[in-house]
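Geometric and topological summary
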Amino acid sequence: AQKVTQAQTEISVVEKEDVTLDCVYETRDTTYYLFWYKQPPSGELVFLIRRNSFDEQNEISGRYSWNFQKSTSSFNFTITASQVVDSAVYFCALIRGFQKLVFGTGTRLLVSP
Amino acid sequence: EAGVVQSPRYKIIEKKQPVAFWCNPISGHNTLYWYLQNLGQGPELLIRYENEEAVDDSQLPKDRFSAERLKGVDSTLKIQPAELGDSAVYLCASSSGGAGQETQYFGPGTRLLVL
């Protein structure tokens, strides 16, 4: 069975601080895909990144970066110099083959000015 | 390019009443998904369509929930009769392929409150 764990329920930071959101996953498959989505107060899930299990290169996109480590089954997300607009709930998700996308319970990030 | 469109955005009904949600996927996306999101939880899949065929409806409570995607484009999810526990956000998503690894793009959701 697949499982995604986001142990951090809520994180509060002050603007310009760096923050890392943790994601730990479980799967017995060697081929799978990992995702991060952002859900702002408006409710829409916004796609951030998709990574396949064979690509362990870290990725950076502006202030966002992702650290994928198969050895620890983790796919952590870091926001550098956080901004108030980053306040949202962030979901990590996993899918393999034709199975359903399995989400974690989300981490609520609150960035204060 | 327009994203996934859902309507209504909000719906308040009394228990035992019927309710329907509509979704129009991104143009060209053959795969459409309906998810249920309870407060404080991640979305959970209800049903997946490949064109007009429901290929995974194992999580859909068929006694009161039904869905259709007659022409393989837009879709409707219905609850009849609604119960208090159905209060949640209903999300629609679409993707360009059904192999599972394609990125799913989500709509804004319909927030349902059953009184």
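A brief look at the structure comes next.

Parameters at a glance
- Residues numbered from 1 in each chain as written.
- Chains lettered and ligands numbered in written order.
- Predicted model: local features only at pLDDT ≥ 70, side-chain atom pairs only at ≥ 80, totals over all residues.
- Heavy atoms only, no water.
- Helix = DSSP H or I, 4+ residues; strand = E, 2+ residues; numbered from the N terminus.
- Rg over C-alpha atoms; globule rule 2.2 N^0.38 Å.
- Contact = heavy atoms within 4.5 Å.
- Areas by Shrake-Rupley, 256 points an atom, 1.4 Å probe, with all protein chains shown as cover.
- Lys, Arg positive; Asp, Glu negative; His and termini not counted.
- Charge placed at Lys NZ, Arg CZ, Asp CG, Glu CD.
- Core = buried A, V, L, I, M, F, W, Y, C linked by side-chain atoms within 4.5 Å.
- Buried < 20%, exposed > 50% of the residue type's maximum accessible area, 1.4 Å probe, protein only.
- Buried area = accessible area lost by both parts, 1.4 Å probe.
- Salt bridge = Lys/Arg side-chain N within 4 Å of Asp/Glu carboxyl O.
- Polar contact = N/O pair within 3.5 Å; in protein donor to acceptor, adjacent residues only side chain to side chain.
- Disulfide = S-S within 2.5 Å.

Digging into the overall build of chain B
Each helix and strand in chain B was counted, giving zero helices and eleven strands. Scaling as 2.2 N^0.38, a compact globule of 115 residues should have a C-alpha radius of gyration of about 13 Å, and chain B matches this with 13 Å. If one aligns the C-alpha atoms of chain B with their principal axes, the spans along those axes are about 40 × 25 × 25 Å. Long-range contacts, defined here as pairs at least 24 residues apart, represent 53% of the contacts in chain B between residues at least 6 apart. Of the roughly 5,600 Å² that chain B leaves accessible, carbon and sulfur atoms contribute 48%. One finds the centroid of the 11 positive side-chain charges in chain B at a distance of 8 Å from the centroid of its 14 negative side-chain charges.

Section: the nonpolar core
The biggest cluster of nonpolar side chains holds 24 residues, and the ones touching the most others in it are W36(A), F77(A), Y90(A) and L109(A). Mapped onto this core, the elements with two or more residues apiece are β2 (10-14), β3 (19-21), β5 (33-39), β8 (64-69), β9 (74-79), β10 (88-95) and β12 (107-112) of chain A. In terms of residue count, β10(A) provides more of this core than any other element does, four residues in total. Listed in part, the 22 residues of the second largest apolar core include I26(B), L46(B), I47(B) and Y49(B).

A few points about the environment of I95(A)
Examined against the element boundaries, I95(A) turns out to sit in strand β10. Distance from I95(A) to F47(A), taken between C-alpha atoms, is 14 Å for residues 48 residues apart in sequence.

Topic: the interface of chain B and chain A
With 22 residues of chain B at the contact, the number on the chain A side is 19 residues. A combined buried area of about 1,700 Å² lies between chain B and chain A, and 53% of that area is made up of carbon and sulfur atoms. Sorting the residues of chain B by area buried against chain A places Q101(B), T103(B) and F106(B) first, and these three jointly supply 28% of that buried surface. Applying the counting criterion to the chain B and chain A interface returns zero salt bridges. Between the two partners, chain B and chain A, sit three residue pairs in polar contact (both at pLDDT 80 or more). Taken together, the elements giving at least two residues each to the side of chain B that touches chain A come down to β4 (31-37), β5 (44-50) and β10 (105-106) of chain B.

Topic: the state of the cysteines
Formally, a disulfide is one covalent bond, and it connects the sulfur atom of one cysteine to the sulfur atom of another. Overall, the coordinates contain two disulfides over all chains when judged by the stated rule. The disulfide that involves C23(A) links it to C92(A), with 2.0 Å between the sulfurs. Around the S-S axis, the bridge from C23(A) to C92(A) shows a dihedral of about -65° and counts as left-handed. With C23(A) in the loop between β3 and β4 (24-26) and C92(A) in strand β10, this residue pair connects regions lying 69 residues apart in the sequence. For C92(A), a relative accessible area of 0% corresponds to the buried category. Between the sulfur atoms of C23(B) and its disulfide partner C92(B) the distance amounts to 1.9 Å. Its S-S torsion of approximately -70° makes the covalent link between C23(B) and C92(B) left-handed. Here C23(B), found in strand β3 (residues 19-24), pairs with C92(B), found in strand β9 (residues 88-95); they are 69 residues apart in sequence, far enough to count as distant. For C23(B), a relative accessible area of 0% translates into the label buried.

By themselves these figures say nothing about function.
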